[in-house]
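Residue-level listing of the chains:
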Amino acid sequence: MATHEKRYVIIGNGVAGTTAAETLRKNDPNCNIHLLTNERYPLYNRVSLPRFLQGVLPEQKVMIRDFAWHEQRNIQLITEVLVSNVNTEERVVRTEDGREFPYDALLVASGGWANPLNVPGASDTKHIYNFVTLDDTKTIVERMLESRTALAYGGSFIAYELCDGFAMRKLNTTWLMRGPYWLRNSLDTDGGEVVDNIAKKFGVEVIHGDEIDSVVPSNGVPSYVKTKKGREIQADMIGVGLGITLNTQILEGSPIEVNGGVVVNEYLETNIPGVYAAGDVANFYDSTIKRHHTMGTWDNAKSHGQVAATNMAGGKQAYVDIPTYTSPLFDVNIAVVGSAESNNPEMETVALREPGEKGNENYRRLFFQENKLVGVLMIGSPKGRKKLIDVVKNQQPFATAAEREALLTLK
């Protein structure tokens with residue numbers, strides 16, 4: 001008796017979704033793959049957007065895939081479409097334009113939406129930007145070219161990338177954040193000072209412990225912002241990095257478990273057989289720290305896409321990986337390995353701050369759980385990074401404080 005070709009539907013064409021589609025096609029030349037995205041582009045490199053923002057990378061270098069790539073692999077890429085709901089009983093995904101996509105296995109790789117600036121004066125004012133997509137980046141670049149002053153708001157990676165872009169474009173830049181220092185869930189006071197000093201070297205004014213109270217526009221564009229502590233900060237444009245809200249509302253009304261993300265097991269499968277999640281939206285089991293969490297890094301999403309696709313096609317591969325992330329931080333680099341979350345009460349940390357190159361400092365902080373190294377954060381020199389990744393992978397215990405501190409000077 002003939003059976004139909006296996007039908008796969010993937011929601012989201014970021015690196016998780018596109019990698020999954022590519023992996024499915026390699027494993028099964030005859031299957032049917034639909035890849036749905038609300039954007040108008042094939043896969044592009046989100047990690048490259050900051051360099052595009054700064055003007056050091058052209059747009060074509062940001063693109064990773066084109067439409068022809070999908071056609072050659074018979075991957076049906078459906079752009080500019082919004083999913084309205086997922087019916088797991090009927091095994092069908094419905095879109096807001098009335099289309100239906102039946103599936104045998106489904107991957108939710110829908111990422112998240114950037115949180116907007118919700119203060120008086122913001123909603124009716126132009127030139128207040130989030131920075132997540134390629135289109136976001138293009139519109140920010142256009143405005144930067146006609147601006148003199150800019151405000152970056154938030155203590156996140158996105159906020160510093162905006163700040164870096166503004167400063168590189170020679171705008172008079174202010175960086176405002178509510179917390180006591182940048183990346184407060186990973187750094188300590190010393191690490192925060194190191195970042196502040198780098199930013200100040202580029203002419204950035206850094207303000208901590210304050211937040212925007214209102215935006216005061218002039219003719220529909222920003223004139224200045226008022227802060228809770230009474231500051232008035234001039235800004236022709238405002239870049240906002242206040243985190244993301246995971247795009248799980250498409251699953252409302254379905255029995256798929258959502259709790260701080262789409263909850264999946266070690267095989268990236270949800271509580272509903274045949275439905276998987278990957279990338280930013282997945283609340284996945286991390287075997288290194290032995291708990292569920294979400295992670296918004298490129299490497300993690302790519303690995304998720306490969307593992308989810310393998311299991312969608314009938315495999316049984318557990319997700320075991322040490323995610324890594326590197327990013328330019330003004331004129332140095334920041335590297336994160338594994339789970340570097342100091343707000344986790346189960347973690348113990350040691351840190352080292354020392355002179356570096358170009359008048360900057362080097363900083364590294366190591367994160368231990370049950371005496372095992374589970375996370376690394378490095379600013380400045382990357383020496384020793386590969387050895388530290390190996391230490392995280394090996395999971396050997398470091399019982400004494402002296403042993404843990406010795407890892408700080410690993411070169």
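Residues numbered from 1 in each chain as written. Predicted model: local features only at pLDDT ≥ 70, side-chain atom pairs only at ≥ 80, totals over all residues. Heavy atoms only, no water.

We count it as follows: UniProt positions are given in the numbering used here, feature names are shortened, and annotations may be inferred rather than shown by experiment.
Looking at an unreviewed UniProt entry, one finds the chain named NADH oxidase and attributed to Dictyobacter halimunensis. Comment text from UniProt for the chain, heading Cofactor (unreviewed entry), reads "FAD".

### Quick look at the overall build of the chain
Basically, it comes down to this: Only DSSP runs of H or I reaching four residues or more are called helices, and only runs of E reaching two or more are called strands; each is numbered from the N terminus. Type-normalised accessible area, obtained with a 1.4 Å probe on protein chains alone, sets the label of each residue: buried when under 20%, exposed when over 50%, and partly exposed for intermediate values. Residues count as neighbours in contact if any of their non-hydrogen atoms are within 4.5 Å of one another. All accessible areas in this document rest on Shrake-Rupley with a 1.4 Å probe, and a residue is counted as covered only by the protein chains that are shown. When charges are tallied, Lys and Arg are placed among the positive residues and Asp and Glu among the negative ones, while His and the ends of the chain are skipped. The atom standing in for a charge is NZ when the residue is Lys, CZ when it is Arg, CG when it is Asp and CD when it is Glu.
When its secondary structure is counted, the chain shows 10 helices and 26 strands. Reported as C-alpha extents along the three principal axes, the dimensions of the chain are approximately 70 × 60 × 35 Å. The 411 residues of the chain split such that 53% are buried. For the chain, restricting intrachain contacts to residue pairs at least 6 apart in sequence, the fraction spanning at least 24 positions comes to 62%. Approximately 18300 Å² of the chain is accessible, and the part contributed by carbon and sulfur atoms is 46%. For the chain, the distance from the average site of its 43 positive side-chain charges to the average site of its 50 negative ones is 5 Å.

### Structural notes on the nonpolar core
Here is the rule: By convention a nonpolar core is built from buried Ala, Val, Leu, Ile, Met, Phe, Trp, Tyr and Cys residues, the set being connected through side-chain atoms within 4.5 Å.
By size, the foremost hydrophobic cluster in this structure holds 50 residues, and its most contacted members are V86, V93, L106, L107 and V108. Excluding residues that lie within four positions of it along the chain, V108 makes contacts with I11, I250, L251, V262, V275, Y276, A277, A278 and V281. One finds L171, M177, I198 and V336 within the second-largest nonpolar core, a separate group that totals 49 residues.

### A word on helix α8 (residues 298-312)
The line we're drawing: Here, expected helix span is obtained from the residue count minus one, scaled by 1.5 Å. Counting of polar contacts relies on pairs of N or O atoms within 3.5 Å, with two restrictions inside protein: one atom must be capable of donating a hydrogen and the other of accepting it, and residues adjacent in sequence are counted only when both atoms are side-chain atoms.
Between the first and last C-alpha of α8 there are 21 Å, a value that for 15 residues agrees with the 21 Å anticipated at 1.5 Å per step. All of the buried residues along α8 are N300, A301, S303, H304, G305, V307, A308, A309, N311 and M312. Where the residues of α8 are buried, they touch β1 (7-11), α1 (15-27), β7 (105-108), β19 (275-277) and β20 (282-286). One side-chain oxygen at the N-terminal end of α8 lies 3.4 Å from the backbone nitrogen of N300; it belongs to T297. Phi for G314, located one or two positions after α8, is positive at around 110°.

### Here's the deal with the packing of aromatic side chains
Test applied: When the centres of two rings from Phe, Tyr and Trp lie within 6.5 Å, Trp using its six-membered ring, the rings pair. Their planes under 30 degrees apart give stacked, over 60 give edge-to-face, and anything left gives tilted. Whether a charge sits over a ring comes down to the Lys NZ or Arg CZ being within 6 Å of the ring centre and within 35 degrees of the ring normal.
If you walk through the whole model with that rule in mind, you get eight aromatic pairs. Note on Y41 and Y44: the rings are 6.0 Å apart at their centroids and 90° apart in plane angle, and the pair reads as edge-to-face. Neither Y41 nor Y44 differs from the other in exposure class; each is buried. Through successive ring pairs, a cluster of aromatic residues spans F157, Y160, W175, W182 and Y325. In this arrangement the basic side chain of K316 is found over the ring face of Y267, its NZ or CZ atom lying 4.4 Å from the centre. Against the face of F368 rests R404, its NZ or CZ located 5.8 Å from the ring centre.

### What about unusual backbone geometry?
Negative phi characterises most residues that are not glycine, and trans characterises most peptide bonds. Here the phi dihedral of N219 falls at roughly 55°; this positive angle occurs in a residue that is not glycine. Its identity is not glycine, yet L268 carries a phi of approximately 65°, on the positive side. Counting through the fold element by element, L268 comes out in the loop between β18 (262-263) and β19.

### Quick look at the UniProt feature "domain: FAD/NAD(P)-binding" (unreviewed entry) in the chain
Those places that UniProt annotates as "domain: FAD/NAD(P)-binding" (unreviewed entry) correspond, in this numbering, to residues 7-305. Helix makes up 24% of residues 7-305 and strand 29%. Its end C-alpha atoms lie 17 Å apart.

### Looking at the packing of α1 against α8
As a reminder, the rule being used: Fitted lines through C-alpha atoms give the axes, limited to the stretch in contact for helices. The angle between two N-to-C directions lies from 0 to 180 degrees. Left-handed describes a crossing whose near helix is turned anticlockwise from the far helix through less than a right angle; right-handed describes the clockwise counterpart. Three classes are used, and their members are as follows: Ala, Val, Leu, Ile, Met, Phe, Trp, Tyr, Cys and Pro are nonpolar, Asp, Glu, Lys and Arg are charged, and the others, Gly among them, are polar.
Between α1 and α8, the shortest axis-to-axis distance is 7 Å and the interhelical angle comes to 35°. Here α1 and α8 pass one another in a crossing that is right-handed. Residues V15, A16, T19, A20, T23, L24 and N27 of α1 pack against W298, A301, K302, G305, Q306, A309, T310 and M312 of α8. For the contact of α1 with α8, the residue count by class is eight nonpolar, six polar and one charged.

### A few points about the pattern of salt bridges
Threshold: By definition, a salt bridge exists where a carboxyl oxygen of Asp or Glu is found within 4 Å of a side-chain nitrogen of Lys or Arg.
This model, assessed by the stated rule, comprises 18 salt bridges. A salt bridge links E22 to R65, with the nearest nitrogen and oxygen atoms 3.4 Å apart. Taken together, the residues E22 in helix α1 and R65 in the loop between α3 (59-62) and α4 (67-72) connect sequence positions 43 residues apart. Its salt-bridge partner being R94, residue E100 comes within 2.8 Å of it at the nearest N-O pair. The class for E100 is partly exposed, based on a relative accessible area of 49%.

### Points about the environment of N45
Inspection of the secondary structure assignment puts N45 in the loop between β2 (32-36) and α2 (49-54). Once you skip the residues sitting within four places of it in the chain, N45 turns out to touch V62, I64 and W298. In this structure the side chain of N45 is engaged in a polar contact, spanning 2.9 Å, whose partner is the backbone nitrogen of V47.

### Some words on the sheet that holds strand β23 (residues 332-338)
Our working rule: Two strands qualify as a pair provided that DSSP identifies no fewer than 2 bridges between them.
The five strands lie next to each other as β22-β23-β26-β25-β24, forming an open sheet whose pairing is antiparallel. Where the open sheet ends on each side, the last strands, each with one partner, are β22 (324-329) and β24 (348-355). Strand after strand, the sheet turns through a mean of 15° between neighbouring axes, direction not considered. Where β23 lies against strand β26 (residues 372-379), five bridges are found, and the strand directions are antiparallel. Each residue of the ladder has a partner; that of A335, found in β26, is M378.

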